[in-house]
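The lines below spell out each chain.
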Amino acid sequence: VLRFTGAYAQNFINNTGGIISDRIQSEIIPSFFQVQVTDLPFQMNDSFGLEKVCLHIRHQRPTDLKIELLSPQGTSVWLSNRNGSNNNYGYLNTCIVQNGFNGEVHNPERLFEGEYSAEGRMDFFNNGQNPNGVWLLIITDLQEGTLGKLEDVNLSFGFNPASQKKSPCSTDNQEDCFSSHPKGSLLPDLTISQELTNDNIYYFNSEDTSYPNQLRFAAAMANIGEGPLEIITTNNWYCDQEAGRKERKCPDGSFPTNNVQQVIYRKSDNSLMVYDTIKAGVMYYDDSPGHNHYHVKNWANFKLLKKRWWSKNPSKWKVISSSNKVSYCLFDNKNCTKENEYCKQNERVFSQKSLINYGLGRYASCNSKIQGISVGGIDYYGMFYEGQSIELPSNIKKGKYYLYIEVDPYDEYLELNEDNNEHIVPVIIN
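If you're wondering where the values come from, they're calculated on a predicted model, not measured in any experiment. (Residues numbered from 1 in each chain as written. Predicted model: local features only at pLDDT ≥ 70, side-chain atom pairs only at ≥ 80, totals over all residues. Heavy atoms only, no water.)

Chemist: Mind laying out the overall build of the protein chain, listing which residues take part and the relevant values?
Modeler: A count of helical and extended segments in the protein chain gives one helix and 31 strands. For the protein chain, whose C-alpha radius of gyration is 22 Å, the value lies close to the compact-globule estimate of 22 Å for 430 residues. Across its three principal axes, the protein chain shows a C-alpha extent of roughly 70 × 65 × 50 Å. Looking at the protein chain as a whole, 54% of its 430 residues are labelled buried. Surface summary for the protein chain: the accessible area is close to 19700 Å², and the carbon and sulfur share equals 46%. (Helix = DSSP H or I, 4+ residues; strand = E, 2+ residues; numbered from the N terminus. Rg over C-alpha atoms; globule rule 2.2 N^0.38 Å. Buried < 20%, exposed > 50% of the residue type's maximum accessible area, 1.4 Å probe, protein only. Areas by Shrake-Rupley, 256 points an atom, 1.4 Å probe, with all protein chains shown as cover.)

Chemist: How would you summarise the sheet that holds strand 29 (residues 389-391) if you had to cite specific residues and measurements?
Modeler: Strands sit in the order 13-14-29 across an open sheet of three strands; the sheet is antiparallel. Each having just a single partner strand, strand 13 (201-204) and strand 29 make up the two edges of the open sheet. The mean angle between the axes of side-by-side strands here comes to 15 degrees, regardless of whether they run parallel or antiparallel. (Pairing = 2+ DSSP bridges. Axes fitted to C-alpha atoms, helices over the stretch in contact; angles between N-to-C directions.)

Chemist: So what's going on with the nonpolar core? Which residues, and what values?
Modeler: Proteins that are soluble and globular tend to have nonpolar side chains buried together. If you look at the biggest cluster of nonpolar residues, it comprises 61 residues, and the most contacted ones within it are Met221, Trp299, Phe302 and Tyr328. With six residues, the single largest contributor to this core is strand 21 (residues 293-306). Grouped together as the second largest cluster of nonpolar side chains are 34 residues, Met44, Leu79, Leu150 and Val153 included. (Core = buried A, V, L, I, M, F, W, Y, C linked by side-chain atoms within 4.5 Å.)

Chemist: Tell me what's going on with the pattern of salt bridges, and back it up with residues and numbers.
Modeler: What the rule picks out here adds up to 10 salt bridges. A salt bridge links Asp287 to Lys249, with the nearest nitrogen and oxygen atoms 4.0 Å apart. Of this pair, Asp287 sits in the loop between strand 20 (274-286) and strand 21 while Lys249 sits in the loop between strand 18 (242-244) and strand 19 (257-266), placing them 38 residues apart in sequence. The class of Asp287 is partly exposed, set by a relative accessible area of 41%. Judged by its relative accessible area of 49%, Lys249 is partly exposed. For the salt bridge of Arg266 with Asp276, the shortest nitrogen-to-oxygen distance reads 3.0 Å. (Salt bridge = Lys/Arg side-chain N within 4 Å of Asp/Glu carboxyl O.)

Chemist: Please set out the sheet that holds strand 28 (residues 377-381) residue by residue, giving values where relevant.
Modeler: If you walk across this open sheet you meet the four strands as 12-15-28-24, and the pairing is antiparallel. Strand pairing shows two members of the sheet lacking a second neighbour, strand 12 (190-192) and strand 24 (334-335), which therefore form its edges. Bridge analysis of strand 15 (residues 219-223) against strand 28 gives four bridges, and the strand direction is antiparallel. Across the sheet, residue Ala219 finds its bridge partner in strand 28, namely Tyr381.

Chemist: I'd like to hear about the state of the cysteines, residue by residue, with values.
Modeler: Put plainly, a disulfide is one covalent bond tying together the sulfur atoms of two cysteines. One pass over the full model with this rule turns up five disulfides. Disulfide partner of Cys329: Cys366, at an S-S distance of 2.0 Å. Of the two residues, Cys329 is situated in the loop between strand 23 (326-328) and strand 24 and Cys366 in the loop between strand 26 (348-349) and strand 27 (370-373); the sequence distance between them amounts to 37 residues. For Cys329, a relative accessible area of 0% gives the class buried. Disulfide partners in the protein chain, listed by the sequence order of the bonded cysteines, are 1-2, 3-4, 5-6, 7-10, 8-9. (Disulfide = S-S within 2.5 Å.)

Chemist: Before we move on, can you summarise the packing of aromatic side chains with the specific residues and values?
Modeler: Each aromatic ring pair is characterised by the separation of its centres together with the angle its planes make. Scanning all chains against the criterion turns up 19 aromatic pairs. Residues Tyr211 and Phe384 carry aromatic rings whose centres are separated by 5.5 Å and whose planes lie at 40 degrees to one another, so their mutual orientation is tilted. Taken together, the residues span a long stretch of sequence, with Tyr211 in the loop between strand 13 and strand 14 (214-217) and Phe384 in the loop between strand 28 and strand 29 at a distance of 173 residues. With a relative accessible area of 9%, Phe384 lands in the buried category. Geometrically, the ring pair formed by Phe255 and Tyr285 is edge-to-face, given 5.0 Å between the ring centres and 70 degrees between the ring planes. Note that Phe255 is positioned in the loop between strand 18 and strand 19 and Tyr285 in strand 20, a separation of 30 residues in sequence. Geometry around Tyr284 places Lys297 over its ring, the cationic atom sitting 5.4 Å from the centre. Against the face of Tyr401 rests Lys306, its NZ or CZ located 4.4 Å from the ring centre. (Phe/Tyr/Trp six-rings, centres within 6.5 Å; stacked < 30°, edge-to-face > 60°. Lys NZ or Arg CZ within 6 Å of the ring centre and 35° of its normal.)

Set out below in structure tokens:
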């Protein structure tokens, strides 16, 4: 492990790299690469902090790779998770930043050279924590058959750190928070990010060796409401209503579940914001490849529909195939901004300016105690994630179909608007 230091040192490098462990059947072994950081200020914030992470990875199938960065203080951010195509041979002199000049790292058609936006929120690092110590680049190969190598990784710190502007509204400053609710409640409003979904849909035909007869797609759930979507759990884990422990499996091999509560923040008559809790959905541990964290059940529903000429109502259309109700872990890994237009409905763009409580809530990981999506936050799942697919009939006819996505299909979570949870986009099968 090498480092570059000095009075104004800002770049820290591991240029020895190493082989990335390949998946072997069901065994997945993350590869850890250290970068020692020293002699920096003891606090990262909006004025000084992590600016970018530059990678050089050789791998013929980058869609196998999940790449995370872990700070000395324990903050983990996804830099890229199963992105790219099988023709770009890895990350060649690729820099990951908060807002990349070349766009999002999840774009599957691009050769990874230059600056790309991180899959997660890099500003989570610059939250007052100390940058000095050992940082870990964690690379996990989630599909068997292709070896890769990290050539080097470079962490850059400086005076233009990854940051995210927020409104003054906070749980400690309720005076600057706005609520349209008669009781002052700050409710979330879940919707599908059409931009992120529409640009990331791909049909794999029967001849594809990795994903035969699959429609794979990204899905992103945005919160454009007045309050965060926040859930909390208790210590009461159970197996079919019988007491269990979250770290042990149930007799049928499944993991115990926990009934979660939704937290509803509310403005009060004094200076501090208060909150209420209501019964919501269910959480469990998901050990599928690339996850190994806690998921909320029945978060999304996916269907492939064929339009019937006699009806304009999608609920009357023919269901060609569907997924099970897909579970998600709920956390912020993208944001609604004016520039990216990820949160756009009826030509209105939701961003820092239009969401008056923008940034209320902060959810950086998928733990068992608390999860959520902040105001203006987006929970993004890429097309190569587990569960982001629909198995298609082998004899499916060519033509025009429609991908249907619905968030919170059982209405288990209280929202400001329950009528904008669906999205339908045309898909051509050829």
